[in-house]
Amino acid sequence: MTGRVNVFYVRVNVELTASRCFNTLSVTGSAICLLNIEITLALCVCCVPRERCIFLFFFIKLKKSIFWNLRRLFYGPLLLTHHQPVMFGKVFSTYNPATGEKICDVQEADKADVDKAVQAARSAFSLGSVWRKMDASERGRLLFKLADLVERDSAYLATLESLDTGKPFLSSFFVDLQGTIKTFRYFAGWADKIHGSTIPTDGEYFTLTRHEPIGVCGQIVPWNFPLVMTAWKLGPALSCGNTVVLKPAEQTPLTCLYIGALIKEAGFPPGVVNILPGYGPTAGAAIASHMGIDKVAFTGSTEVGKLIQEAAGKSNLKRVTLELGGKSPNIIFADADFELAVEQAHQGVFFNSGQCCTAGSRIFVEEPIYEEFVRRSVERARRRTVGNPFDPTTEQGPQVSAEQQSRVLELIQSGITEGAKLECGGKAPPSKGFFVEPTVFSDVQDHMRIAKEEIFGPVQQIMKFKTIEEVIERANNTEYGLAAAVFTTDLNKAMTVSAALQAGTVWINCYNALSCQCPFGGFKMSGNGRELGEIGLKEYTEVKTITMKMSGKKS
Amino acid sequence: IACQCVSFSLQIFINNEWHDAVNKKTFPTINPATGEVICHVAEGDKADVEKAVKAAKDAFKLGSPWRRMDASDRGLLLSRLADCIERDAAYLAELETLDNGKPYAVSYSVDVPMVVKCLRYYAGWADKWEGKTIPIDGDYFCYTRHEPIGVCGQIIPWNFPLLMQAWKLGPALATGNTVVMKVAEQTPLTALYVASLIKEVGFPAGVVNIVPGMGPSAGAAIASHMDVDKVAFTGSTEVGHLIMKASSTSNLKKVTLELGGKSPNIILSDADMEEAVEQSHFALFFNQGQCCCAGSRTYVQESIYDEFVERSVERAKKRIVGDPFNFNTEQGPQVDEEQFQKILGYISSGKREGAKLMCGGGPAADRGYFIQPTIFGDVKDDMTIAREEIFGPVMQILKFKSLDEVIERANDSKYGLAAAVFTKNIDKAHYISNGLRAGTVWINCYDVFGVQAPFGGYKASGIGRELGEYGLDNYTEVKTVTIKVPQKNS
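Per an unreviewed UniProt entry, chain B goes by aldehyde dehydrogenase (NAD(+)) and derives from Cyprinus carpio. Taken from UniProt, the Sequence similarities (unreviewed entry) comment for chain B reads in full: "Belongs to the aldehyde dehydrogenase family."

As annotated in an unreviewed UniProt entry, chain A carries the name Aldehyde dehydrogenase 1 family, member A2 and is attributed to Cyprinus carpio. Note on chain A: under the UniProt heading Sequence similarities (unreviewed entry), the record states "Belongs to the aldehyde dehydrogenase family."

The next subject is helix 17 (residues 491–500) of chain A. For helix 17 of chain A, the set of buried residues is Ala494, Met495 and Val497 of chain A. Buried residues along helix 17 of chain A sit against strand 13 (329–332), helix 16 (468–476), strand 18 (483–487) and strand 19 (505–508) of chain A together with strand 6 (140–148) and strand 22 (476–484) of chain B.

Let's shift gears to the nonpolar core. Counting residues in hydrophobic clusters, the biggest one holds 165 residues, and the most contacted among them are Phe268 of chain A together with Ile85, Tyr122 and Phe203 of chain B. The biggest single contributor to this core is helix 5 (residues 104–125) of chain B, with eleven residues. When sequence neighbours within four positions are dropped, the list of residues in contact with Ile85 of chain B reads Leu92, Val112, Val115, Val116, Leu119, Val194 and Leu197 of chain B. Membership of the second largest hydrophobic core comes to 29 residues, among which are Leu268, Met383, Ala386 and Phe400 of chain B.

Here we come to the sheet that holds strand 21 (residues 541–549) of chain A. Residues and elements named next belong to chain A. The three strands are arranged 6-7-21 in an open sheet whose pairing can be described as antiparallel. Bordering the open sheet on either side are strand 6 (198–199) and strand 21, each of which pairs with just one other strand. With two bridges connecting them, strand 6 and strand 7 (residues 205–213) associate as antiparallel partners. Bridged to Ile199 within strand 7 is Thr207.

This paragraph deals with helix 1 (residues 46–59) of chain B. All names here are of chain B. Look at helix 1: 20 Å from first C-alpha to last across 14 residues, which is about the 20 Å you get at 1.5 Å a residue. Buried within helix 1 are the following residues: Asp48, Val49, Ala52, Val53, Ala55, Ala56 and Ala59. The buried residues of helix 1 occupy an angular sector of 160° when the element is viewed end-on, so they sit on one face. In helix 1, the exposed positions angled more than 90 degrees off the buried face are occupied by Lys46 and Lys54. Its buried side turned inward, helix 1 meets strand 1 (12–14), helix 2 (65–68), strand 7 (151–155), strand 8 (178–183), strand 9 (208–212) and helix 8 (215–223).

The next thing to look at is the UniProt feature "active site" (unreviewed entry) in chain B. Residues and elements named next belong to chain B. As annotated in UniProt, the feature "active site" (unreviewed entry) corresponds to Glu258 in the numbering used here. Along the chain, Glu258 turns up in strand 11 (residues 254–258). Aside from chain neighbours lying at most four places away, what touches Glu258 is Trp167, Phe233, Thr234, Gly235, Cys292, Leu417, Phe455, Ser461 and Glu466.

Now for the interface of chain A and chain B. Of the residues lining the interface, 27 residues belong to chain A; the matching set on chain B comes to 28 residues. Buried surface at the junction of chain A and chain B, summed over both partners, amounts to about 2300 Å²; 55% is from carbon and sulfur atoms. Linking chain A with chain B are five residue pairs in polar contact (both at pLDDT 80 or more). Elements represented by at least two residues in the side of chain A that touches chain B include exactly helix 5 (136–152), helix 7 (169–190), helix 17 and strand 21 of chain A. Tallied by class, residues from the side of chain A that touches chain B come to eight nonpolar, eight polar and eleven charged.

Here we take up the sheet that holds strand 15 (residues 374–377) of chain B. By definition, the strands of a sheet pair up through backbone hydrogen bonds, in either a parallel or an antiparallel sense. All names here are of chain B. One open sheet holds the seven strands; their spatial order is 14-15-16-13-12-18-19, and the pairing between them is mixed. Because the sheet does not close on itself, it has two edges, and the strands there are strand 14 (356–359) and strand 19 (440–443). Each neighbouring strand pair of the sheet contributes to a mean axis angle of 25°, computed without reference to strand direction. Packing of helix 11 (residues 302–318) onto the sheet brings it into contact with strand 12 (264–267), strand 13 (297–301), strand 14, strand 15 and strand 16 (394–400), and relative to strand 16 it is tilted by some 170°. Across the sheet, helix 15 (residues 426–435) touches strand 12, strand 18 (418–422) and strand 19, and the angle it forms with strand 19 is around 165°.

Criteria and cut-off values
Every chain's residues receive numbers from 1 upward, in the order its sequence appears when written. The order in which chains are written sets their letters, starting at A; the order in which ligands are written sets their numbers, starting at 1. Residues qualify for local features only when their pLDDT is at least 70, as the model is predicted, and side-chain atom pairs are given and counted only at 80 or more; totals for whole chains, interfaces and linings, by contrast, use all residues. Only hydrogens and water are set aside; all other atoms, that is, all heavy atoms of the structure, feed into the side-chain values. UniProt positions are given in the numbering used here, feature names are shortened, and annotations may be inferred rather than shown by experiment. Think of it in three bands: with a 1.4 Å probe and only protein chains considered, a residue is buried below 20% of the maximum accessible area for its type, exposed above 50%, and partly exposed in between. Helix numbering and strand numbering both begin at the N terminus, where a helix is a DSSP run of H or I of at least 4 residues and a strand a DSSP run of E of at least 2. Residues count as neighbours in contact if any of their non-hydrogen atoms are within 4.5 Å of one another. To define a nonpolar core, start from buried Ala, Val, Leu, Ile, Met, Phe, Trp, Tyr and Cys residues and group those joined through side-chain atoms within 4.5 Å. Any two strands with at least two DSSP bridges between them are considered paired. Expected span of a helix, by definition, is 1.5 Å for each gap between consecutive residues, and there is one gap fewer than residues. The directions from the helix axis to the C-beta atoms form the arc being described. Buried area counts how much accessible surface, traced with a 1.4 Å probe, disappears from two parts once they are put together, with both parts' losses summed. Pairs of N or O atoms within 3.5 Å make up the polar contacts considered here, provided that, within protein, one atom can donate a hydrogen while the other can accept it, and that residues adjacent in sequence are counted only when both atoms are side-chain atoms. In this count, Pro and Cys sit with the nonpolar residues alongside Ala, Val, Leu, Ile, Met, Phe, Trp and Tyr, while Asp, Glu, Lys and Arg are called charged and the others, Gly among them, polar. Note on definitions: angles span 0 to 180 degrees between N-to-C directions of axes, and those axes are lines fitted to C-alpha atoms, for helices only across the stretch in contact.

This is the structure we're talking about:
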C-alpha cells in the first residue's frame, strides 16, 4: 500500500468507568444492567492516492467479570445496591442486531418494581424534600453537569448505543450524543426561567400564577433513539422539578441505564430519576395505569399510544403526552434544487435505517421531474452502504430486531403485491443480523399499504403529483401529522404549502432539521402535545392561579 | 497576591490582545485599606476607544465567526466563562478586596458566586431569546427576529466591579452583541483578569474589549462615539445625564442607565422588630454603604420609633470595621479619598441641619479610608442627608404615623430605585408595595438579588432594567419581517 498513511489509535478502556457506574448504580426496582465491556478501539485510517480506503478495526470484548464473577451477577441475587429486584433473577436479553447475538441479560422490571419506583419518586417529590426545596438554578446546574458527564463519556455511550441499536457508530457519536448533550444543556438553562405571571384581574384582587411541577412523571421511551429520547424526556421533566419513573425500550436498555449511573454521579437526589427496563405490557402498562403517577409521556407507536391514553382515562386521568407514528409527506416541486432534493429525500427516509417517526416516507414529486427523480433516487439508494455499524463507511446498519426486520419485509412484499414498482432492494441481504436492503418503490398509489402504514424501515415510496392543490390534499390525507417537507425555490409555494400541511413540523428545503430549541410533535394521530423548545416545558408544569383579596388596588 | 492562575496584564484588552495606551499614559490604582498604590494600569483615552470600537465593529460584521455562531454555542462560551471564574474564585475575591476594600469574606461568598450565577443564567438565555410569528391582517406572513444591537459601550462602577461586569456582559453576549467596556478607574483589576478568562474560554477576538480609563476621557469617548450602537452605564445620576446628552448629540445610540437612589425602607409597628433592625442595618451598611439601592431613608412607625433607634444604634456600634482580609470584618474602607471626604461632608451637614447624631460620625482609623458606622435620628425630609445619595455608612432614621403619609414621603424623591417594607400584615404589605414608586420593592427582606429578577430605576434612578428576561430587551433590536403570501390561512 502506497501513499500517506495516517493511523489513529484510540483506546477507550471502559472497564473503570463501567465498574464505577454499574457498581453504584442506583436504580429503583430491578433495573440493574449486568454489563462490563472492555472496548479497545483501534481506528486505522489509511489514505491512498486516488482511492481512499478506510479500514476500521473494532474489538469489543465482553469481559466476564466485574467485581464478582459474572455467573453470580447474571443469575444470582443482585446486591449491587440496596435496591433489590422484586422478582430475583427475572431477566431479559438484549441483542446486538448486527449479529443477532445476545449482548447481555438485563433485570426485567414488572408491576411490583413500578410500585417501588413510584414510591421512591413520590417521596422525592414530597413537600420539603431536597428536590422540592432546591433552587431552580441548582436544578439547572445538575442538568448541566449531567450534560458534561455525557460529553465526557461520549465515546463509550456511542459505542454502547451502536452495539444495542445497530445504528452506525459515527451517527451515534455525532448525531445522537450531540443531540443528547445539547438537549440536557438547553433544558438546564430553562430551569430558572420558567416564569409565572402577575395578572391584572378585575376587582380588588391581586392575581399571580406559579408554574409548579406536575409531580411523578412516567416516561416510556422507544428504541430508535434510546439516548436522545431519554434526554427529550428527562430534560424538561427535571428542569421543571418533576420526579421520573422511566422505562427504556426492552430492545435497547443499555445506554439509558448508563445515564442512570451518570444521574447519580451528577448528584441528583435519590428517587428523582428511577429507571426500569422492562416490557410494555407489564412495566409500561403498570406506569400508564398507576394511581400514583401524575403524568405519562410516551414515544412509540400510535397503537400503543391509544392504550396509554386509555389507561390514563381508566385510572387517574393522568396528563398524557404522546409522540407517535407518522407517514410524513415530502413534496418536491419541479423548481427545487434537484441535487439537494434527491439527497435530502434519500436521507429523509433512510436515516437510522428508516427507523424514524419523522421518516419522509411519502415522496410526492411533481410530474415534469418525476422520472429523473426516481432514477436518481434509485441510483443513490443503490450506493447506500449497508453493513457493520462500526465500520466508518457504513451508512446503514441493521433494523433493531428480527421482529422489525420481518415487519419491514412483509410490507415490502405487500408493495409488490399491490402493484408498486420495486426499483431496487426489497430483501434481506444474506448475512447474519437484521439487515434490510435500501428499497425504492415508484408508481406508488395513495391507497397502497406502503403509502398508508408506517413501515419504519429503509423503504422509499415515490409518488407523482400535478398541482399544488392536489398535493396538499393528498399529503394531508392520512391519519398521521407528524412532519412534512417541501422542496422549492419559489417563496410563494413554500409559504402556501407549509401553511396548508397538517403536520407538527414542516421543513423547507431540508429534512430532519431537528433542534432542541424547536418544538416537535404531532397533529392528528401522530400525538398529543409538544416536546422540546419552551413549549415543551408546558407539558411538565401545572399552573396554579393565586388570587388574593386586596384593598385599594392601583395600576 | 496569592497564586495567580492565569496571567493577565495591566493593559488595555482589545481583540483578545493586550495593548499599552496609545499615549502611553498609566494611572495608579490604590488599596483603600492603606492608601498605598497597588500598581499602575494603562489609561485608555479617545484613541484607545477608537481602536476598541473598530475591533468590536469588525467582530460584529456579517459573516464573522461571532455572527455565524450558533446561539447555543454563545451560551456555552458564557457558561465556560462562569466555570473559569468559579475555578479562580479565591484569587478573584482577593483581587477584588485588595482593589475595592470590601471584606474578603463578602467578595468570596457574595460577589463571586453572584457573578458565576449571572453568567450561567444568561448562558441559558442565549438560545431561548425567541422572536414571534404574528397574525397580521391581510395576505401576509409576519415574524420578528431578535437581533443583537451591535457594538455596545458599557461603563461600569467601582462598588461591585466584578458583579457589574457580569450584569453587563451576560445579556450583551447572550444576545450576540460585541462590547467595549470601560471599567472604573478606582477598581480596574478584576475586570482585566476576567478579560484574560474571556480569551481563555475562546470568545472570538474583538467580541469583548476592555478599556480601563477615566470617565471624562474614555467614558465620554464611548458615549459620544458614532459607531457605538448602544451604551449602558451604571453610576451616578449626574453622569447619567451626561451619557444621555452625549448620545443625543452624537448618533442617538440606545441608552440604558442604572443610577443613584435614596431608597426608603419602611418599618411598620407590627413588623418583627429584631428582623427589621438587622435587615435595616444590612440594607444601609452593606458594602460600606456603597450600594445604589442602599436603604438610606429608614421610615419607622411612631409607636416603635424609639426602640428601633435604640436597637439600631446598638447594632451599629457592634459593627466590626477594619482590615478587609480579616474574616471577622463586616466593614472595610470606602473606595477612595474622594468618597471618604464626601461622606464626612454629608455627616457634617447632617449635624449642621439639626439631625441627631446617635453614633459614629468620623473616620474609623488612622490610615485608609475607614468611616465609623454612623446613625442619625430625628431626620427631617428636607435635610440634605435625607435627600442626597451619601454612598457611605450613614443611616437616617425618620418617623411616620400613617400609611398614606409614609407612601407620600417615601415617593417624594427624584430617585426611584428600590424600597422595602417590613410588616406581617398582608394588606399593608401589598398596599405599600403597590404605592411605592420604585423599580424594586422588598417585603420583609432587603438587597435580595436574584439574577432571574429584573432590577432598575423609576424616575432619575435610571432607564431600562437589568437582569432577568427583561434585561435582554436592552440588548436587542427587534426586526419585523413581513412576507406577501398568495393566500393566508389560519
